[in-house]
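# Results of the structural survey
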Amino acid sequence: MSAFFSLSRTFILRGLIRNRVRSLLTILGIALGVAVMLAINLANASALGRFSESIDLVSGKATLNVVPRFEADIDENELAKLSWLYDEFIKFTPVIDQVVVSAKPPHEVVQLLGLDLFSSKEFREYDTAGGNNFATSSGENNSSKNQANDSLSADDPAAGAVNSSPGPFEIFRRNRILVGSELAKRENLKVGDNLNLFLNDKEVSCPVAGILSSEGLGKAFAGNVVLMDISCAQELLSMKGRISRIDLIVPSERLTEIGSRLSKELPPSVSVERPSRRGMQVEKMLRSFQYNLTALSLIALLVGMFLIYNTMSISVIRRRWEIGTMRALGASMPIVFSLFMGEAIILGLIGSLLGIAGGVFFAQFALAAVSKTVRALYADQPPGSVIVDPMILLLAFGAGMFLTLIAAWAPSMEAISIPPAEAARRASYERKVESLSPRLALFGCVLLLCGFVASIQPALAGFPFFGYLAAALAVFGSAAMIPFLLDKLLRLLSRLLGATIGSEGRLAALSLHGALGRTSVAVASLMVGISMMVSLAVMISSFRHTVEAWVQQTLRADLWLEPAGRDVSNRAGRLTAEIVSKIRKVPGIDSVDAFVEYPIEYQGQPANLGAGELDVMVKHGNLMFLNGEPSAKVLSRVAGHDAGIISESFSLKHDLKIGDTLTLQSPGGPYQIKVEGVYYDYSSESGYIVIPRENFARHYNDLNSTTLAIFLLPNVDPEKVRQDIFAAVPKDSRLNIRTNRELKTQVLKIFDNTFSITYALHAISIAVAILGVMNALFALTMESRRDLGIFKYLGASKEQLGKLVIVQAGLLGTLGNLGGLAIGMALSFLLIHVINKQSFGWTVQFFLPLDFLLQSFALIFVCSILSGLLPARLAEKTPAAEVVRSE
Amino acid sequence: MAANSRTIQGLCVKLLGGLASNLIHHKVHIKIDNLSKQYAEHKVMALSDLSLAIEKSEFVALMGPSGCGKSTLLNLIAGIDKPSSGSIVIAGSDTTRLKDEELTRFRRDKIGFVFQFFNLLSTLTAQENVSLPLELAAKFSGKEIKERSVHMLEKVGLGSRLGFYPSQLSGGEMQRVAVARALVHSPELIIADEPTGNLDTENGAQILELLRTLCKEQNQTAIMATHSEDAAALCDRTIRMKDGRLLSEHEA
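These remarks concern the structure in this document. (Residues numbered from 1 in each chain as written. Chains lettered and ligands numbered in written order. Predicted model: local features only at pLDDT ≥ 70, side-chain atom pairs only at ≥ 80, totals over all residues. Heavy atoms only, no water.)

### Quick notes on the sheet that holds strand S22 (residues 735-739) of chain A
Note: strands within a sheet are paired through backbone hydrogen bonds, in either parallel or antiparallel orientation. Residue and element names in this part refer to chain A. Selection rule: Two strands qualify as a pair provided that DSSP identifies no fewer than 2 bridges between them. By definition, any uninterrupted DSSP run of H or I lasting at least four residues is a helix, any uninterrupted run of E lasting at least two residues is a strand, and each is numbered from the N terminus. What counts as an axis is a line fitted to C-alpha atoms, over the stretch in contact for a helix, and the angles between N-to-C directions run from 0 to 180 degrees. Contacts were defined at the residue level, with two residues in contact if any of their heavy atoms lie within 4.5 Å.
The strand order across the open sheet built from 9 strands is S18-S19-S17-S20-S16-S15-S21-S14-S22, with neighbouring strands paired in mixed fashion. Of all strands in the sheet, those with a lone pairing partner are strand S18 (661-664) and S22, marking the two edges. Averaged over neighbouring strand pairs, the angle between their axes works out to 30 degrees when direction is ignored. Bridge analysis of strand S16 (residues 605-612) against strand S20 (residues 688-692) gives 5 bridges, and the strand direction is parallel. Bridge pairing in S20 links glycine 612 to proline 692. Those strands touched by helix H24 (residues 718-728) are strand S14 (559-563), strand S15 (589-602), strand S21 (707-712) and S22, and its axis lies near 170 degrees from that of S22.

Structure follows, in structure tokens:
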């Protein structure tokens, strides 16, 4: 053991310091990999954690919820049916829980809670600086003004205290709200100010009666919360007689008993569930997205792993002589093995620790990007800060170290397999690689074949496990084929370069060929980095082009109208039937498709139920159906029947085809829909079921709309109609009307938001690729110092040496680029046709972003040359006598 | 008459002297005058005030204990290193006054190296290693390079090892490749730094014999640093060194 420690100081530390540029590049590679993985994981966990935490804070001590089953809300008369609970000493309270948006840009998403401030005191705390409870003070004991005062903060929202100068009963006045301290801070609100909110198609001013403290309920939804008295909330949200849910505090031992009695006594339109279920639903909805993101982030770590492998392989090759000497002097195999593993551990340790620091730093940006995607694709979510979970830090550190050890394993095993006599033969390793290359290539072919088989397997519990396995097999399989391919290619290139750029070109290719092991590792690590970049670029641009084509094809209406609140985020925004009928009468309008959509649950999974006016859709619409049938033909089969069409992702998720029947729940009981068509849709991952508007009205008794697609008569100016619509609706209506072109732009903007985290990963992949190039080239040319010294002895000029190194660098860059392009294409096929298809259910047309790829390749080629410049300069200055002697 | 005969005699002496001097000047291939080398970082005089002349086609052994300056002298002659003072004239040109580029060209065209540890490029085959000086000279066609290098390897008895990498060759074979590489471009001067130092007696003797035969055959001058008296005995002349200077015959 003592031998290990004394040797580790001289053998490892000195080596790391002597080759500090290479050590630094390797550490950076690991750090970047760990940082990316950590940032993504922290962002994922924070996005979900904030959601769960908010749900917990809002639920407070409630252990059961009575929630609507088919509709957005429930009848408050259901409360009367719960009077028996008093006899059981079980407390219950009604709640209104709605998402609204602030009218002021950037239109923050705000959770509006309407609470019965008298009965909800047992349920949740609105902590104050003094620790008092607002509900206790203002509710149970109306005379305790002092306590009420404690619950409402002074004018300084940052103080975190709660005080209300207008008095404790202010909150019971119309539209009065208590505002979360974070929201108050961002919107610069004081008691007495107004917070303007978009509610459906209205902008409403809500006077601030107090600022909630940053603890308790005020902490929920990152402080983006407003609290109202429930009756005021009902009035404000036009929910007279309706509530979002009923919260109950049931002792844990009586949960089953009370739960089943509630289910029996309440109508089928409501269900009884645990508060944690909502969190689980969100988690389920985001799972696929988050797993995919984590898996993508792992690619960065994989590149880091190749960098370690590269560094360690070269370290072993370089020290064969030393290893032989040490073995001859009696160093045991375990000591030699531990020395090399020790070197890797030091690199991995520093890299992982730096990665953790970087990851925590980048997590905030990743969270912003993830939130954008979640908001665009899944659910309204207020911004929040990163929750630094020590377990995730530990996991990232563990992953960094684990991959480091895996990467160092093979080179370290190679080190101990060197017999002392063999070690003196400088290039015996290279010859070994050369002779092994056909077998390695065969192994690579087997891996690629396994990858192909994996790629045609179905998803595992909704997660494209085999798709990712296929991607990993493609990477490792191709890497295993590299020595064989380079063996053939470099020989050919040496002749080609000899004929075109002269002997330096020939020698550069020959030297790379002679160092087949080192060259292969360098090309492979470069290739992996580039393939990540290529695959992400191809995936993103394919997606974008598909969505662009889809938008061009399907969005045909001249004008699109929706309530302002919904436009900026609020998924619950609605237009009343009266407004819609007023709009229909505006001159110049040919027809209006009033579309309504609801989030529903189908077979335990979230989905969307939409209803449209089929006659308008038949006349104007142009949905693209998977089987190529014309839109009008499919829709005419749906009209007048209990039938509908479903989106591709819904069809894939639930394995439903044309002719199948699905059962949906409604307040009037279950009803069936026959699937008449499956259409392309990229707006929702959970999928759509679209039924005729009249069927929807029949089943749900709902005449509200969410979006209007307005088709104009020929030669009518859309701008004039827009103005006429504004004139036709009530003055306080806040509508957003977009022309066809504006909507298309908006859809692509949403697309870019959805892909913001992928764009970030893409940028990182370019950095990783460049790091790989630098590491590989620097290591390789530094290893050639002795050879360059001999060249000098033999009369090579400075220019010749420089040219030799640059040609080598250029060759490596080009080979890495070509390999990266090939694997990147394979990976992008997997990402588009297997991984995304299985995760999200979207068919994406393959598109090659030639301009981007050419630019990236040029960038990487230039970086290769630049990475070769420093070694080339060093080569020119190489003191030949010294180098040849010392080596 | 006597004066006449003295004049004629004097003339003859002058003529003969001039002839002899011309003859001597023509024969001297390397002339080193007052050569000193001090390594700045060590402040050690590696060579001090050394003067030496070597004739064309002469095969000279350079002997002396380790650290006496043999390799430094060889590197200075080869133009790998620069002297602190003094001059080295090879085939009429003072190499200490040459610019870097000229020195490189001089080394490429006029000098062949054989090292103790062979210093073959492990990434190139035997034939590719031998081709190197021709490749670097950039004045031969690919075909010519191949023919010459194959021919040279055949001459050193390795015609059957053309595609072998250094790691696949024995020590003796590696040194033969090194000899072939040193001679392939027909340089005027061969510099060998302990070429047998890393070989057994039999292989060492064979390499030395090969080197000597080929040098004589091509009329090349050779300077060989060695520790072996046997090796030195095969040379035309032995120069001995100690502490950076030459020893006189008396001192030796």
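From this point on, the discussion continues.
### Here we look at the pattern of salt bridges
A side chain with one charge may pair with a side chain of the opposite charge, provided their charged atoms come close. Residue and element names in this part refer to chain A. Just so we agree on the cut-off: Between Lys or Arg on one side and Asp or Glu on the other, a salt bridge is scored when a side-chain nitrogen of the former is within 4 Å of a carboxyl oxygen of the latter. Three exposure classes are used, based on accessible area relative to the maximum for each residue type with a 1.4 Å probe and protein chains only: buried under 20%, partly exposed in between, and exposed over 50%.
What the rule picks out here adds up to 39 salt bridges over all chains. With a closest N to O distance of 2.9 Å, aspartate 73 and arginine 242 form a salt bridge. Separated by 169 residues along the polypeptide, aspartate 73 in the loop between strand S1 (64-68) and strand S2 (74-75) and arginine 242 in strand S11 (residues 242-243) bring together distant segments of the chain. Using a relative accessible area of 16% as the deciding quantity, one classes aspartate 73 as buried. Residues glutamate 719 and arginine 722 are paired through a salt bridge, measuring 2.9 Å at the closest nitrogen-oxygen approach. Of this pair, glutamate 719 and arginine 722 both sit in helix H24, 3 residues apart, roughly one helical turn. A residue is classified by how much of its surface remains accessible, and arginine 722, at 12% relative accessible area, is buried. One network of salt bridges, with partners in common, ties together Glu88, Arg254, Glu257, Arg261 and Glu265.

### Observations concerning the interface of chain A and chain B
For clarity, the cut-off: Buried area is a sum: the accessible area each of two parts loses on coming together, probed at 1.4 Å, counted once for each and added. Under this definition, polar contacts are N or O atom pairs within 3.5 Å; protein pairs additionally need one hydrogen-donor-capable and one acceptor-capable atom, and for neighbouring residues in sequence, both atoms have to be side-chain atoms. In the scheme used here, Gly and all other residues not listed as nonpolar or charged are polar, with Ala, Val, Leu, Ile, Met, Phe, Trp, Tyr, Cys and Pro taken as nonpolar and Asp, Glu, Lys and Arg as charged.
With 32 residues of chain A at the interface, the matching set in chain B holds 25 residues. Between chain A and chain B, the buried area comes to about 2,700 Å², and carbon and sulfur atoms account for 56% of it. Across the chain A-chain B interface, the total number found is 2 salt bridges. Between A:Arg506 and B:Glu135 there is a salt bridge, with the nearest N and O atoms lying 2.1 Å from each other. In this structure, the connection of chain A to chain B is made through 9 residue pairs in polar contact (both at pLDDT 80 or more). Looking at which element gives the most residues to the side of chain A that touches chain B, the answer is helix H16 (residues 503-514) of chain A, with 7 residues. Residue composition of the side of chain A that touches chain B, by class: 12 nonpolar, 8 polar and 12 charged.

### A short note on the sheet that holds strand S9 (residues 237-242) of chain B
Residues and elements named next belong to chain B. Read from one edge of the open sheet, 6 strands run S6-S7-S8-S3-S9-S10, paired in mixed fashion. The strands lining the two open edges of the sheet, one partner per strand, are strand S6 (111-114) and strand S10 (245-246). Strand direction decides the pairing type here: strand S3 (residues 59-63) and strand S8 (residues 221-226), joined by 5 bridges, are parallel. Looking at S8, one finds that leucine 62 is bridged to alanine 225. Contacts from helix H6 (residues 171-183) reach S6 and strand S7 (189-193), with the element oriented near 170 degrees to S6.

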